[in-house]
Amino acid sequence: MEKTSKLAKIYLALVFIILYAPIFYLILYSFNSGGTMNSFDSFTWEHYAAVFSDTRLIMILINTVIVALLSALIATIIGVFGALGIVFMRNKSLRSSILSLNNVLIVSPDVVIGASFLILFTMIGVKLGFASVLISHIAFSIPIVVLMVLPKLQEMNSSLIDAAADLGATRKDILTRVIIPFIKPGIFVGFFMALTYSLDDFAVTFFVTGNGFTTLSVEIYSMARAGITLTINALTGIIFVVTLLLVIGYYFISQRGKKPVGLGVRK
Amino acid sequence: MQNKNSKSIYSVPYFVWILLFVIAPIALIAYYSFLDLSGNFTLDNYKNFFTSVYLKLTLSSFWYAFLITLFSLIIAYPTAYFLTKTKHKQLWLLLIIIPSWINLLLKTYAFIGIFGLSGPINAFLQVFGISEQQILFTDFSFIFVSVYIFIPFMILPIFNSLDKLNPSLIDASQDLGASSWTTFSKVIFPLTINGVKAGVQAVFIPSLSLFMITRLIAGNKVITLGTAIEQQFLVTQNWGMGSTIAVFLIIFMVIIMIITGQREKGATSYGKNK
């Protein structure tokens, strides 16, 4: 037992090093006064200054965050009610076909989603830009929210709802006081997954964004194709710190929320 | 009855979403695959697809996706397994997920520097007297970077299924005299196969359609189905041919989904029994 756990630690450490090395590599060279990612000359903040003085880049950053937050929020709302709709569906075969349809966008290759949305938007006349990007992000985030919420709903004992109804709770009460608190962990995970999907998406956005609107991914792609710019490195540094802060916040929220919920779930 | 109706009103946006963004796009892709450049009905796109150029492309695309999935699984399964054994496993899992929050383009960009001719890998090799190697723009770099990108998506579902596994089953297996390998192959792996399948789904299908990494890391040397679609849609502007390739990609996707499909009944009943 001792031996395997030591081996396990080394293995895990190796995986963690490989996972984080490229990120720290980028951040390290963001402080390099020489213009390359090969030899470190001396420490400088100039690349960070370049990010903050580049208003176009800042606008793109803000756009990306707005699209991510909005799309995750809307997708979570639609997805939660979608999951409720699926769970309360009586017809079993209909339910399973809806579930298959739900999963189509999750397993669909990004390129196919992007291409088909491009055709869709051109056909119904949505102007390519902020609207098309936001709608696409909502569209591909909904199924993941459903998938995160559904297991929680299935875990829930239906007699909880019956009990609430017997005790005189209205339908709204049942939803907000019984169902929602019970599935809250699933909703949170779904929201964060949707956020991740949106922030990470490149392919779909690349297809449906017009000339006027760019997200960070698409901008970095065109920058990286042009060659190495340490501004991208500085951007990585900023994004990494923000991500870390978000994750720490998320961890503490989920830890605090866990105790009462955990007790309920584990029986 | 009233209860049911009011609930279905709230789920209307969801069903509208299915209609507009799941069914309609697939129908549109299928429709466009029968159109030529000037919008007339044609079967030429399908004829073109069955020429050696596209068949070769499909095969190589599958081969790369297979390799990427295989390596991801080999690395991810032990990682997920060891993670479930750690003390603060949720925290460690979070640390695995954090890199997947860093924009995918940034991570790919990092490898342009790392694998570059005067990058750290080459500098490291030179210590051992190995001369500068062209790592960037090779199959190796393409597969390495892809595996790197996809690994968290493979770890997550496997971790979840391992975490749900009832530990007394493992104890029972060991008490009954099974070796660790037997316990793994007869108890742990079969019970977590759904997680593995979900992970394979999450890696294999995106691997078929990668186009950004092929451009940045493989330097147009590797052409996947995704690269071909992107080319047809955004460069050549031949939406018909692009849609035809997309139709085949969807067909492949459905086949993969059927193969890796989870038997829902088994999964839920297991969950409930616990």
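Up top is the structure.
Residues numbered from 1 in each chain as written. Chains lettered and ligands numbered in written order. Predicted model: local features only at pLDDT ≥ 70, side-chain atom pairs only at ≥ 80, totals over all residues. Heavy atoms only, no water.

### Brief notes about the side chain of S141 of chain A
Move 1: Secondary-structure assignment places S141 of chain A in helix α6 (residues 130-155).
Move 2: Contact partners of S141 of chain A, with chain neighbours within four places excluded, come to A75, A194 and Y197 of chain A. (Helix = DSSP H or I, 4+ residues; strand = E, 2+ residues; numbered from the N terminus. Contact = heavy atoms within 4.5 Å.)

### Topic: empty space enclosed by the protein
Move 1: Under the definition given, this model contains two cavities of 30 Å³ or more.
Move 2: Of the voids in this model, the largest cavity is the one considered here, and its volume is about 80 Å³.
Move 3: Going through the elements one at a time, α4 (92-107) and α5 (110-124) of chain A together with α2 (12-32) and α14 (239-259) of chain B are the ones with two or more residues in the lining of the largest cavity.
Move 4: Looking at the lining of the largest cavity element by element, the count peaks at five residues for α2 of chain B.
Move 5: Looking at the lining of the largest cavity residue by residue, the class counts come to twelve nonpolar, two polar and no charged.
Move 6: Roughly 40 Å³ of volume is contained in the second largest cavity.
Move 7: Only α3 (55-87) and α8 (171-200) of chain A provide two or more residues apiece to the lining of the second largest cavity.
Move 8: Split by residue class, the lining of the second largest cavity holds two nonpolar, six polar and one charged. (1 Å grid on protein atoms, 1.4 Å probe; cavity = no way out; pocket = protein on both sides within 12 Å on 5 of 7 lines; lining within 4 Å. Points joined across faces, edges and corners; volume = space filled by probe spheres on them. Nonpolar A, V, L, I, M, F, W, Y, C, P; charged D, E, K, R; others polar.)

### Focus on the packing of α5 of chain A against α2 of chain B
Move 1: Contact geometry for α5 of chain A and α2 of chain B: axes closest at 9 Å, N-to-C directions at 90 degrees. In this view, α5 of chain A runs roughly perpendicular relative to α2 of chain B, as classed from their interaxial angle. Facing A115, S116, F117, I119, L120, F121 and M123 of chain A of α5 of chain A, the residues of α2 of chain B in contact are L20, F21, A24, P25, L28, I29 and Y32 of chain B.
Move 2: Looking at the contact of α5 of chain A with α2 of chain B residue by residue, the classes come out as 13 nonpolar, one polar and no charged. (Axes fitted to C-alpha atoms, helices over the stretch in contact; angles between N-to-C directions. Parallel < 35°, antiparallel > 145°, perpendicular 65-115°, else oblique.)

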